[in-house]
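Letter by letter, the chains look like this.
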Amino acid sequence: QCGITIDEARKLQDFILDMSVQAEFYFPSAFDSNQLVKPTVIGKIVRNNDDTFSMSFFSPHLARGMYEINREALKRWQHSRGLSRADASKLKRFVGVLELSNMKQGAFWRTMDLLLQIQKDYFLTKDPTKMNPDSLRDVARKLQFAPSTISRVLSNNSVLLPWHKEVYLLHLMP
């Protein structure tokens, strides 16, 4: 579909993986290095021309979308190949991993999108009193996730605010 060979696709994948790893070292956290776990600076919040905000990710790994699984095509492919029971089981586990990845990526994207919306006044003014008081539980309820899911997808991650101050993502939910 893309007009590239499998070898070219592998090289591209290796390049993106290498770039993702390098991004963690190129944008190190400014937080105290004496901490047991130092956060990963995932990107920068950017002000758009229409006074909305979006994320500029430092790592292509975080910027990628979700996997689309065409179940009908997968089922046809599986039947046309005549997979053994063991291979069908491996395929089922692999699809499960993709679904889990989609759930985590979806939770991350939906949470980031909501935080960019609810903290807009804070981002526009730099005034901490303008922070929306939504807690982690409030955000989880709005997104219909468990609070532990939101905490897990955001923990140990920080972001640069539009004025270049680094904050933990969880601090955007006071």
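Everything below is about the structure shown above.
Since the structure is predicted, the reported quantities are computational estimates derived from the model, not experimental observations.

(A) Focus on the overall build of the protein chain. Within the protein chain one finds seven helices and four strands. Starting at the N terminus, the α and β elements of the protein chain follow one another as α-β-β-α-α-α-α-α-α-β-β. Buried residues in the protein chain amount to 30% of all 174 residues. For the protein chain, the proportion of contacts with a sequence separation of at least 24, taken over those separated by at least 6, is 60%. Accessible surface for the protein chain amounts to roughly 12,000 Å². Of this, 54% is attributable to carbon and sulfur atoms.

(B) Structural view of the sheet that holds strand β4 (residues 166-168). Strand order across the open sheet formed by four strands is β2-β1-β3-β4, with mixed pairing between neighbours. At either end of the open sheet lies a strand with only one pairing partner, and these are β2 (53-57) and β4. When the angles between neighbouring strand axes are averaged without regard to direction, this sheet yields 35°. Alignment of strand β3 (residues 157-160) against β4, held across three bridges, turns out to be antiparallel. Residue pairing across strands places Val 159 opposite Val 167, the latter belonging to β4. Together, β1 (40-47) and β2 form the strand contacts of helix α4 (residues 85-118), whose direction differs from that of β2 by roughly 135°.

(C) Quick look at the pairing of β3. Burial of the side chains of β3 extends over both faces: Asn 157 and Val 159 are buried on one face and Ser 158 and Leu 160 on the other. As paired elements, β1 and β3 share four bridges and run parallel to each other. What sits directly across from Gly 43, in β3, is Val 159. Linkage of β3 to β4, two consecutive antiparallel strands, is achieved through a turn of five residues, within which His 164 is found at a positive phi near 75°.

(D) Spotlight on the packing of α4 against helix α6 (residues 136-143). Remark: α4 packs on α6, axes separated minimally by 11 Å, with the N-to-C direction vectors making an angle of 115°. Crossing geometry of α4 relative to α6 is assigned as right-handed. Mapping the contact onto sequence places Arg 110, Thr 111, Leu 114, Leu 115 and Ile 118 in α4 and Val 139, Lys 142 and Leu 143 in α6. By residue class, the composition of the contact of α4 with α6 is five nonpolar, one polar and two charged.

(E) Structural view of the pairing of β1. As defined by bridge partners, β1 adjoins β2 across five bridges and the pair is classed as antiparallel. Among the inter-strand pairings, Lys 44 is bridged to a residue of β2, identified as Ser 56. Where β1 folds back onto β2 in an antiparallel hairpin, the turn is made up of five residues, including Asp 51, whose phi is positive at roughly 65°.

(F) Up close: a nonpolar patch on the surface. A surface patch of nonpolar side chains, amounting to about 300 Å² of accessible area, comprises Ile 4, Leu 12 and Phe 15. Relative to the assigned elements, Phe 15 resides in helix α1 (residues 6-26).

(G) Highlighting the environment of Pro 28. Take Pro 28: it is sitting in the loop between α1 and β1. A C-alpha to C-alpha distance of 9.0 Å links Pro 28 and Lys 38, two positions 10 residues apart in sequence.

(H) Examining unusual backbone geometry more closely. One non-glycine residue with positive phi stands out, namely Lys 126, at about 65°. Relative to the helices and strands, Lys 126 is located in the loop between α5 (120-125) and α6. Despite not being glycine, Asn 156 shows a phi value in the positive range, around 60°.

Conventions and cut-offs
- Residues numbered from 1 in each chain as written.
- Predicted model: local features only at pLDDT ≥ 70, side-chain atom pairs only at ≥ 80, totals over all residues.
- Heavy atoms only, no water.
- Helix = DSSP H or I, 4+ residues; strand = E, 2+ residues; numbered from the N terminus.
- Buried < 20%, exposed > 50% of the residue type's maximum accessible area, 1.4 Å probe, protein only.
- Contact = heavy atoms within 4.5 Å.
- Areas by Shrake-Rupley, 256 points an atom, 1.4 Å probe, with all protein chains shown as cover.
- Pairing = 2+ DSSP bridges.
- Axes fitted to C-alpha atoms, helices over the stretch in contact; angles between N-to-C directions.
- Left-handed = near helix turned anticlockwise from the far one by under 90°.
- Nonpolar A, V, L, I, M, F, W, Y, C, P; charged D, E, K, R; others polar.
- Patch = residues over 30% accessible without salt bridge, like charges linked within 9 Å, V, L, I, M, F, W, Y side chains within 5 Å.
- Salt bridge = Lys/Arg side-chain N within 4 Å of Asp/Glu carboxyl O.

Interpretation in functional terms is not warranted from these geometric data alone.
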